[in-house]
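Summary of structural features
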Amino acid sequence: MDVFHFEVIQLLIKKQVGMMENYELVIGLEVHVELSTESKLFCGCSTRFGAEPNTQVCPVCSGMPGTLPVLNKKAVESAVKAASALGCGVEEVSIFARKNYFYPDLPKNYQISQYERPIASDGFLMLDGRKIRIKRVHMEEDAGKLIHSAGESGPSYVDLNRSGIPLIEIVTEPDLKSSSEAETFLNNLKRILEYLEISDCNMEEGSLRCDANISVRPRGESRLGVKTEIKNMNSFKAVRKAIDYEAARQVSILSKNGRISQETRLWNESIQVTEGMRSKEEAHDYRYFPDPDLMPVYVTGQMCREITESIGELPLERKERFVREYGLSEYDASSLTSRKKVADYYEKVVSGKINPKAAANWIMGDLMALLKEHKTEIDSSPVLPGYMAELLSFTEDGRITGTTAKDVLSECFATGICPGDIVREKNLLQINDQDLITGTIREVLENNGKAVADYRNGREQAVGFLVGQIMRKTGGKANPAIVRDTLLKALKEM
Amino acid sequence: MDILSLTIGRIADMVRKREISCLEICERFLDAVKERDGEINCYLHVNDKILEEAKASDSRLAGGGSPRALEGVPVAVKDNICVRQMPATCASRMLENFVPPYDATVIERLRDQGALILGKTNMDEFAFGSSTESSAFFTTRNPFDITRVPGGSSGGSAAAVGARLCMGALGSDTGGSIRQPAAFCGIVGFKPSYGVVSRYGLIAFASSLDQIGPMTRDVMDSCIIMNVISGRDSRDSTCLDYDPPDYTRFLREDLKGIRIGVPVEYFPSGIEDSVREKVQDAIRAAESLGAEVEEISLPHTGYGIAVYYIVATAEASSNLARFDGVKYGYRTPSHENLLEMYMNTRGEGFGREVKRRIMMGTYVLSSGYYDAYYRKAEKVRSLIRKDFEEAFRKVDVIFTPATPEVPFRIGEKKADPLKMYLSDIFTANVNLAGLPAITLPVGYSGKLPVGLQVIAPFLREDMLFKSASAIENHFRHTS
Ligand SMILES: [Zn+2]
């Protein structure tokens, strides 16, 4: 790493106190989202991820001469959904244009996109009470993928499975002020798109991609600085780090009276720096013009209303309702509603008259841990929402202990057997019988003279030990509250 | 009776009555191709399986299958229309080895109606030209005079029909590429209203102008083929959602009640005298058949060629970008890196005229020039369209010469692209306006044919075929 990179990194480390303070960061994002339609934007090929290379291609998406694109109406619906969820005005007429450039992953050597007349514009997304303006939303087709062989001189291969998959590009105004704001923006955007069920939003699989336009200016300055465009960031974390790095790089140049050159830079994940493109790419002239193979896209007011009405609650609204309706904390409501599937699951559980707070704890805690451990999505959890409700009703009315409930949950997760059956078969109902508990306590006290002596000598920990012994004797089924009360009483009486 | 001299209408009738077998028809045409195509050079590829296909048609009929509209009819196809398992070279080195894995919609429809594909015909490279001289492989000759061009770009199809080396053919027309060679080869060439025939499988030149159409011996044959190939296609978004009529029922012998417009702008001083005379004869004949003839004006006519060459080359520059050596077609053997691969492949694979048009098209779309050229051209295009709309308020059809001259000599204009571009002067505006137009022979200048063009309003193919068939009928009986 050269000296300059070292300086930038020093600056990054000292960021909180040093020279960064004198500058203000201005960020705009361009987010590409792959729509999860069944088929591609202009042909009938499948959009499934991870198939063998070139198995999901046809003459249209491989750019065979003589073939023509036919627009997938589902993709238009998804774009309209996204646009209206982002508060954009949807155009009655939008136009597909050709963006002309040569690259081997682009079979026609032009990308069908939207340019002068995108499908929607002028929206916003709320970020901690502040509006981040959305400049435009447009539709386009994805390109294929190049697979390079290991050596410098080996051949490169083209996989066209991704070619023609529908994308929407969401472009913000330069309204973001920090890397963490950018990350939060992306998280919120992702939540919304997941709620709309129009994209998987998986950054690792490339179904959500983000470029960032970054500039810095001295605090108080109203003119924008020269911006650079950062590409090649493969996670939200990478976006945050790349922005931090790039801002520090720009500040370190400016603070030495240097000049920022307007350019595209790539985030290099392995060494965590942004780098200018090595090959000096000539300025692109994309020669956009309306694609004569496609008719204008018409979205009537009626169609737009229908699509907008089909949009259910969005994450923010749902979170607020959870706080209001279920009395949850902001934190719990926000965690539960961050993913639609989880929120849906939660609402199914509490619909069975279950304590909402307890349900939240169990779902976010034990159930999530199990799901994570077994790499399972909540909508395919063996513990169905009804099972979860049943389990919670057992703990709520004291029929089983919390310890037992944890075991039942694991059992239910592993076998798919409903909690009621597990509890009955294994005879796990909680022991509330005072005589039985008193008898067990007497037995335990007799056998643990040392602990009793310790208690008498003022060592409170002995109580915990004795409770543990009692619970073990009852197979964890004894009601812990009764056990504790009775035990303390017995100890005092001794 | 020689099978070669029959029209599709007549031969279909004979097949229906079992007076002739599909095999007999195809054998006769195949022999003729072997005998005469060495001289004319229509075909880039001859279907060596056609006799087997003809036998299959015969046994289908013998098995009780009912004869279809084009049963056993050997058809030639311009080489920019994809036919499965036959080369589709567009007469370019670039696609010399390209065999499409699918049939164009029009080919599917021809086959569904029993037509047999006799072969693929020569053309100007990627349909850029008016003489078929820009073919990368060889020049097709005019059957009326082999020292002259057959016109272009569908010159191979026109010459094949004119020389009776097929029963009918498909061409494509972007600025006159069906009508001009049809006129030069003394046959009937029809360009449908934009969107009536699917473009799926037509290797695009200029998408907003291209239409596939029939090239035939007579107007009836044109209608028969149109009945088969026209109509909506879910694979082409620009194809109209429209039920085409039965075109054959429009044919008639008189022109009573029809108002014909003759635009002054289509008879400029540069036009050849013999062409002017023959077309004026045809207009007089129309009057004698009962038509009212009126002089009209299409004031923006003069801008047509300029607008056409901006719009067409812009679209072409983008349409031809896909020929890059990556996926199919020619790839240069010599390259060190990607950019060199692109440059050498395209430099070596494309001919001069193709490169010229790609450069023109790239230029007019470039930032800084887009507004001055492409956007302005689109505006003038709508003025040209309005000219026609205005005119069609007063008249039903418009008569013009098909070309300003009779077929010129091979090599005569090759060195002068501007002169060559003027060959489209009477035909290109029709494409800019998306209208239907037909050219048909109306006499000879010496031994060379002269063509009349009939233009009709959008989707008024009925008017067009009525007028063309009456004129054709008149000349059939007077010549
Ligand atoms: Zn496809």
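Throughout, residues of each chain are indexed from 1 in the direction in which the sequence is written. Following the order in which they are written, the chains are lettered starting with A and the ligands numbered starting with 1. The predicted origin of the model limits local features to residues at a pLDDT of at least 70 and limits the giving and counting of side-chain atom pairs to 80 or more, whereas totals for whole chains, interfaces and linings rest on all residues.

1. Regarding the overall build of chain A
Counting from the N terminus, the helices are the DSSP runs of H or I reaching at least four residues and the strands are the DSSP runs of E reaching at least two. Across its full length, chain A holds 16 helices and 16 strands. We take the radius of gyration over the C-alpha atoms and set the globule estimate at 2.2 Å times the residue count to the 0.38 power. Computed over the C-alpha atoms, the radius of gyration of chain A is 30 Å, more than 25% above the 23 Å expected from 2.2 N^0.38 for a compact globule of 494 residues. Seen through its principal axes, chain A has C-alpha atoms that stretch 95 × 55 × 50 Å. Whether a residue is buried, exposed or partly exposed follows from its count of other C-beta atoms within 10 Å of its own C-beta, namely 20 or more, 12 or fewer, or something in between, respectively; the C-beta atoms are built from the backbone. Counting across all 494 residues of chain A, residues that qualify as buried make up 41%. Contacts are defined on C-beta atoms placed from the backbone: any two residues whose C-beta positions lie within 7 Å are in contact. Considering only residue pairs separated by 6 or more positions, chain A has 69% of its internal contacts joining residues 24 or more positions apart.

2. Comments concerning the overall build of chain B
For chain B, the helix and strand inventory stands at 15 helices and eleven strands. Radius of gyration (C-alpha) of chain B: 21 Å, near the 23 Å computed for a compact globule of 479 residues. For chain B, the spread of C-alpha atoms along the three principal axes comes to 65 × 55 × 45 Å. Long-range contacts, defined here as pairs at least 24 residues apart, represent 76% of the contacts in chain B between residues at least 6 apart.

3. Looking at the domain arrangement of chain B
Residue and element names in this part refer to chain B. For the domains described, the bounds stem from an automatic or database domain assignment. Each assigned domain of chain B is listed here: domain 1 (1-298 + 379-479) and domain 2 (306-371). For domain 1 and domain 2, the distance between their C-alpha centroids amounts to 28 Å. Taken together, the contact between domain 1 and domain 2 spans 29 residues of the former and 20 residues of the latter. Mapped by element, the contributors of at least two residues to the side of domain 1 that touches domain 2 are helix H12 (371-394), helix H13 (417-421) and helix H14 (428-433). Considering only residue class, the side of domain 1 that touches domain 2 consists of 16 nonpolar, eight polar and five charged. In this classification, the charged set is Asp, Glu, Lys and Arg, the nonpolar set is Ala, Val, Leu, Ile, Met, Phe, Trp, Tyr, Cys and Pro, and all remaining amino acids, among them Gly, are polar.

4. Observations concerning the domain arrangement of chain A
Residue and element names in this part refer to chain A. Here chain A is described as being made up of domain 1 (3-301), domain 2 (313-425) and domain 3 (434-493). Centre-to-centre separation of domain 1 and domain 2, based on C-alpha positions: 37 Å. Taken together, the six residues of domain 1 in the interface contact six residues of domain 2. Sorting elements by how many residues they give to the side of domain 1 that touches domain 2 places helix H3 (residues 179-196) first, with four residues.

5. Regarding the pairing of strand E12 (residues 228-233) of chain A
When DSSP finds two or more bridges between a pair of strands, those strands are recorded as paired. Relative to E12 of chain A, strand E11 (residues 208-218) of chain A runs antiparallel, the two being bridged by four bridges. Bridging from a neighbouring strand, Ala212 of chain A pairs with Ile230 of chain A of E12 of chain A.

6. Brief notes about the sheet that holds strand E13 (residues 264-268) of chain A
Ordered in space as E2-E6-E7-E10-E1-E11-E12-E13-E14 (chain A), the nine strands form an open sheet in which the pairing is mixed. Strands at the two margins of the open sheet, each flanked by one partner only, are strand E2 (89-90) and strand E14 (273-276) of chain A.

7. Let's talk about the interface of chain B and chain A
With 31 residues of chain B in contact, the opposing surface of chain A contributes 25 residues. Looking at the side of chain B that touches chain A, the elements with two or more residues in it are helix H9 (304-319) and helix H11 (352-365) of chain B. Along the lines of polarity and charge, the residues of the side of chain B that touches chain A split into 14 nonpolar, ten polar and seven charged.

8. Concerning the packing of helix H13 (residues 434-447) of chain A against helix H16 (residues 480-493) of chain A
Residue and element names in this part refer to chain A. The geometry of H13 relative to H16 is characterised by a closest axis approach of 10 Å and an angle of 55 degrees between their N-to-C directions. The angle between the axes of H13 and H16 places the two elements in the oblique class. The two elements H13 and H16 meet at a crossing, and its hand is right-handed. Contacts between H13 and H16 pair Gln434, Ile437, Thr438, Ile441 and Leu445 from the former with Ile482, Val483, Thr486, Leu487 and Ala490 from the latter. Grouping the amino acids of the contact of H13 with H16 by side-chain chemistry returns seven nonpolar, three polar and no charged. Between N-to-C directions, angles span 0 to 180 degrees; the directions come from axes that are lines fitted to C-alpha atoms, helices contributing only their stretch in contact. Each angle is binned into one of four classes, with values under 35 degrees roughly parallel, values over 145 roughly antiparallel, values of 65 to 115 roughly perpendicular, and all other values oblique. Left-handed describes a crossing whose near helix is turned anticlockwise from the far helix by less than a right angle; the clockwise case is right-handed.

9. A look at the nonpolar core
Linking buried Ala, Val, Leu, Ile, Met, Phe, Trp, Tyr and Cys residues through C-beta atoms within 7 Å yields a set, and such a set is a nonpolar core. Among the nonpolar cores identified, the biggest contains 228 residues, and Val137 of chain A together with Val75 and Val397 of chain B are the most heavily contacted of them. In this structure, Val137 of chain A is in contact with Ala79, Ala82, Ala83, Leu86, Cys88, Pro118, Ile119, Ala120, Ile168 and Ile170 of chain A, ignoring residues within four places of it in sequence. Counting 31 residues, the second-largest nonpolar core is a separate cluster that includes Ile363, Leu392, Phe394 and Cys412 of chain A.

10. Describing the environment of Thr139 of chain B
Residues and elements named next belong to chain B. As for its position among the elements, Thr139 is in the loop between strand E3 (116-121) and helix H5 (155-162). The exposure class of Thr139 is partly exposed, given the 19 C-beta atoms found within 10 Å. Expressed as a C-alpha distance, the spacing of Thr139 and Leu320, which sit 181 residues apart in the sequence, is 22 Å. Once residues within four sequence positions are removed from consideration, Thr139 is found in contact with Asn41, Thr132, Glu133 and Ile410.

11. Observations concerning the pairing of E11 of chain A
Two elements, strand E1 (residues 23-34) of chain A and E11 of chain A, share eleven bridges in a ladder whose sense is antiparallel. Note on E11 of chain A: the bridge partner recorded for Val33 of chain A is Leu208 of chain A.

12. Comments concerning the environment of Thr184 of chain A
By the secondary structure assignment, Thr184 of chain A is in helix H3. Here the alpha-carbon distance between Thr184 of chain A and Val31 of chain A, two residues 153 residues apart in the chain, equals 14 Å.

13. Points about the sheet that holds strand E1 (residues 43-46) of chain B
Residue and element names in this part refer to chain B. One open sheet holds the eleven strands; their spatial order is E1-E3-E2-E4-E6-E5-E10-E11-E9-E7-E8, and the pairing between them is mixed. The open sheet terminates on both sides in strands that have one partner only, identified here as E1 and strand E8 (292-296). When strand polarity is set aside, the average angle formed by the axes of neighbouring strands in this sheet is 30 degrees. Relative to E3, E1 is paired through three bridges, and the arrangement is antiparallel. Each residue of the ladder has a partner; that of Tyr43, found in E3, is Thr121.

14. Looking at unusual backbone geometry
Residue and element names in this part refer to chain B. The peptide bond linking Gly152 to Ser153 adopts the cis configuration, its omega dihedral lying at 5 degrees. Examined against the element boundaries, Ser153 turns out to sit in the loop between E3 and H5. The residue Phe126 is not glycine, and still its phi comes out positive at about 55 degrees. Within the secondary structure, Phe126 sits in the loop between E3 and H5. Phe126 sits in the buried class, given 30 other C-beta atoms within 10 Å.

15. Some remarks on helix H9 (residues 356-373) of chain A
Residue and element names in this part refer to chain A. Helix span, as expected, comes to 1.5 Å for every residue beyond the first. Under the 1.5 Å per step criterion, the end-to-end length of H9 is 25 Å for 18 residues, consistent within 8% with the ideal 26 Å. One fitted axis covers the seven residues ending at a residue, a second covers the seven starting there, and the bend at that residue is the angle between these axes. Along H9, the sharpest kink reaches roughly 35 degrees, centred on Leu367. Every buried residue belonging to H9 is among Pro356, Ala359, Ala360, Trp362, Ile363 and Leu367, and all of these are buried. The inward-facing, buried residues of H9 abut helix H6 (315-326), helix H7 (330-337), helix H8 (340-350) and helix H10 (385-396). With its phi angle positive at about 50 degrees, Lys375 sits one or two positions after the end of H9.

16. Side note on the confidence of the model for chain B
The predictor reports its confidence for every residue as pLDDT, a score running from 0 up to 100. Per-residue confidence for chain B averages 96 on the pLDDT scale, and 100% of its residues sit at or above 70. Interface confidence for the predicted complex, expressed as ipTM, amounts to 0.96; the pTM equals 0.89.

17. What about the environment of Asp344 of chain A?
Checked against the element boundaries, Asp344 of chain A lands in helix H8. The spacing of Asp344 of chain A and Ile378 of chain A is 34 residues in sequence and 9.7 Å in space, taken between C-alpha atoms.

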